[in-house]
Amino acid sequence: MNNSLLEIKNLTYKKNLRTILNDINLNVGYGKIVALLGENGAGKTTLIRIISGIAKNYRGNVAVNGQQDEEARKSQVSITDALKGFNESTKIDEIEFFYEKIYPDFDDHQFKELREFMKLSGDMKLRQLSKGMREKLEIALTLSRKVPLYLLDEPFSGIDPLARKRIINSILLWKDPKATMIISDHFVNEITTILDEVIVVKDKTIASHIAADDIRANGQSIEQYYESMYEDGGAE
Amino acid sequence: MTSFKNLFARMSKAKMRNIYLLVLIQLVSSLLITIWSLITSSGFRGDAGLLSWFIIVMTLMPFIDIAYVFISTWQNEKEFDSQTWRLIPISSTKFYIANISSAIVNGLYLVVLQLAMGIVAFLPAVFDHNIRFNVWQISNAVGKEVSGGNYWAKFFEAFPIGILLSEFIAFLLFAFLIYSIVATIDLSSKTILDFLPERHSKIFRAIIIIVLVFVLLIASGNVMNMLYQMDPAHVMTGEIRSYSSVWFTNFYLLIFSLIFSGINIWLLAKYHESK
């Protein structure tokens, strides 16, 4: 078996006559928690969309758990979704039922535990949820699928600092040890303790992919390391 | 992988909300119009008053059905655009078929509900002696024919089952074609937009849609001319009403639906991105 869960080779993506990602090469192994860092507009979300099979028409190869075909790749990936496909009057229970029917890998028992942990009630409607509550629901739904790769795109931006800490500290409990989680976020400080690797996207490509322990061994914090990547003032 | 059956069931359920809303609108508006017309004595007099609700329900039916075509078309495109739906691990072909067919099946369900509403709306007419007598006469005549053993023979003579079936299929294929054409215009305009600069995207999109509609109109005109030339007896085009003419129409509806669907599935698989 290949040691890489995620393999990206020579990935280039253009949209609206602009190059968004250029010649990306990346290998991520099993059982890791990885931070995907970069400025706004660096291409983090696009990279996540390509991995999950949402963004199309790219050049290069993307494989998750050995699966290159988009349909097969989607079954290997669980990504935070803004739930825009649901009517605002949809109840959490109804969304849970939708996930249960649509995703054969959805663990209903785990979702119920996560929902309680996030202090969400099943009869709450989407329109009743604040931004933070909605993000909690998105995280709960994402982590309730049993897949090898989780992609969390800025999952904590609307969640209050206390709850954020609680969620981040318990992520390890909800994740299968063999599964990998890629978290794209600006709150570097709060996720450093759980990180195994750091990927920095800069100038439309992967500027750095390094083990968190190597950064720590150099006497730097992950935040310092990330800031040092932008000492020249950033890409744009 | 998600099964087609599960995806179809979820998509149907998502569209069902609009069906009930439309039925409710038809029910309430037909009741209001009936009450208003009876109070103001405009239109319905005497025995006709008992049939007024039924007549108004039936009159509103095509308008509600047209509204459903617009709403379901919009909803189909919304699902093609939605990340929630497009993240589902299923092939683009199955995704496309589930989306379009759920809209068609829901449309049939709407018609069934409307017919049921029609039956309920007819009930007040049973209070009228003349109408009751007419209904009794018809059922009596049907009963005699059935007991005589030649009812079904006469029924199928008046309504040939083959023609009925082929016209029902023509209706389904026509709905399939309409949804497919709208999806082709929507998906291809959005795809073309991805290859143009981001600025003025709304204006660009409007221009692209106008051009695409124009091209489709010219192309369909040319194709119809070609069909007429290939068919001097006008059998295929339906001017001579026959069993074969309906099936030829169905054949062409199917071919065009498959062409547009093929384009749509290709766009969904290779280019179109959800938001």
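Since this is a predicted model, take the numbers as computed values, not measurements.

A common way to report how large an interface is uses the accessible area buried once the components associate. Across the contact, 33 residues belong to chain A and 30 residues belong to chain B. Here chain A and chain B share four salt bridges between them. Where chain A packs against chain B, one counts 18 residue pairs in polar contact (both at pLDDT 80 or more). A total of five residues in the side of chain A that touches chain B trace back to one element, the largest contributor, which is helix H3 (residues 92-102) of chain A.

Attention now moves to the packing of helix H7 (residues 161-194) of chain B against helix H8 (residues 201-230) of chain B. Residue and element names in this part refer to chain B. The geometry of H7 relative to H8 is characterised by a closest axis approach of 9 Å and an angle of 135 degrees between their N-to-C directions. Viewed along their axes, H7 and H8 adopt a mutual orientation that is oblique. Crossing hand, H7 versus H8: right-handed. Residues Ile181, Ile185, Asp186, Ser188, Ser189, Lys190, Ile192 and Leu193 of H7 form the contact with H8, whose own contacting residues are Ser201, Phe204, Arg205, Ile208, Ile209, Leu212, Val213 and Leu216. Per-class residue counts for the contact of H7 with H8 are 10 nonpolar, three polar and three charged.

We now examine the side chain of Thr180(A). All names here are of chain A. Relative to the elements of secondary structure, Thr180 occurs in strand E7 (residues 180-184). Exposure remark for Thr180: the relative accessible area of 0% places this residue in the buried category. Beyond its immediate sequence surroundings of up to four residues, Thr180 is in contact with Leu5, Val28, Gly29, Tyr30, Gly31, Lys32, Val34, Pro148, Leu149, Tyr150 and Lys175.

Before going further, it helps to spend a moment on the domain arrangement of chain B. All names here are of chain B. In terms of domain boundaries, chain B breaks down into domain 1 (4-127) and domain 2 (159-270). The distance between the C-alpha centroids of domain 1 and domain 2 comes to 24 Å. Each partner contributes to the interface: domain 1 provides 16 residues, whereas domain 2 provides 17 residues. In total, about 1,500 Å² of surface goes out of reach between domain 1 and domain 2, with carbon and sulfur atoms giving 72% of it. It is Glu77, Tyr96 and Ile104 that lose the most area in domain 1 upon contact with domain 2, and together they represent 37% of the buried surface on that side. There are one salt bridge connecting domain 1 and domain 2.

We now examine the sheet that holds strand E4 (residues 59-64) of chain A. Residue and element names in this part refer to chain A. Read from one edge of the open sheet, three strands run E2-E1-E4, paired in antiparallel fashion. Among the strands making up the open sheet, the edge pair consists of strand E2 (18-29) and E4. Ignoring strand direction, the axes of neighbouring strands in this sheet form an average angle of 15 degrees. Most of the contacts of helix H1 (residues 44-51) go to strand E1 (residues 4-15), to which it runs at about 120 degrees, and overall it touches E1, E2 and E4.

Okay, the sheet that holds E7(A) next. Residue and element names in this part refer to chain A. Sheet architecture is open: six strands sit in the order E5-E6-E7-E3-E8-E9, paired in mixed fashion. Single-partner strands in this sheet number two, and they are strand E5 (77-79) and strand E9 (205-211). Across this sheet, the average inter-strand angle for adjacent strands is 15 degrees, counted without regard to direction. Where strand E3 (residues 33-37) meets strand E8 (residues 197-202), four bridges bridge the pair, whose relative direction is parallel. The residue bridging Ala35 from the neighbouring strand is Val198, located in E8. Contacting E5, strand E6 (149-153) and E7, helix H5 (residues 131-143) runs over the sheet at an angle of about 170 degrees to E6.

Where a strand is regular, its side chains alternate between the two sheet faces. All names here are of chain A. Among the five residues that make up E3, five are buried, leaving the element largely enclosed by the rest of the structure. Covered by surrounding structure in E3 are Ile33, Ala35 and Leu37 together with Val34 and Leu36, the residues of both alternating faces. Pairing analysis gives four bridges linking E3 to E7, with the strands arranged parallel. Looking at E7, one finds that Ala35 is bridged to Ile183.

Looking now at a nonpolar patch on the surface. All names here are of chain B. Taken together, Trp152, Phe156, Phe159, Ile161 and Leu164 make up a surface patch of nonpolar side chains, about 520 Å² in accessible area. Take Ile161: it is sitting in helix H7. Its relative accessible area of 53% is what places Ile161 among the exposed residues.

Another aspect to go through is unusual backbone geometry. Residue and element names in this part refer to chain A. In this model, Lys119 sits at a positive phi of 60 degrees, which is unusual for a non-glycine residue. Since its relative accessible area comes to 64%, Lys119 is described here as exposed. For Glu154, which is not glycine, the phi torsion reads 40 degrees and is therefore positive. Structurally, the position occupied by Glu154 is in the loop between E6 and helix H6 (161-174). A relative accessible area of 26% places Glu154 in the partly exposed class.

The rules we used
Residues numbered from 1 in each chain as written. Chains lettered and ligands numbered in written order. Predicted model: local features only at pLDDT ≥ 70, side-chain atom pairs only at ≥ 80, totals over all residues. Heavy atoms only, no water. Contact = heavy atoms within 4.5 Å. Salt bridge = Lys/Arg side-chain N within 4 Å of Asp/Glu carboxyl O. Polar contact = N/O pair within 3.5 Å; in protein donor to acceptor, adjacent residues only side chain to side chain. Helix = DSSP H or I, 4+ residues; strand = E, 2+ residues; numbered from the N terminus. Axes fitted to C-alpha atoms, helices over the stretch in contact; angles between N-to-C directions. Parallel < 35°, antiparallel > 145°, perpendicular 65-115°, else oblique. Left-handed = near helix turned anticlockwise from the far one by under 90°. Nonpolar A, V, L, I, M, F, W, Y, C, P; charged D, E, K, R; others polar. Buried < 20%, exposed > 50% of the residue type's maximum accessible area, 1.4 Å probe, protein only. Domains from an automatic or database assignment. Buried area = accessible area lost by both parts, 1.4 Å probe. Pairing = 2+ DSSP bridges. Patch = residues over 30% accessible without salt bridge, like charges linked within 9 Å, V, L, I, M, F, W, Y side chains within 5 Å. Areas by Shrake-Rupley, 256 points an atom, 1.4 Å probe, with all protein chains shown as cover.

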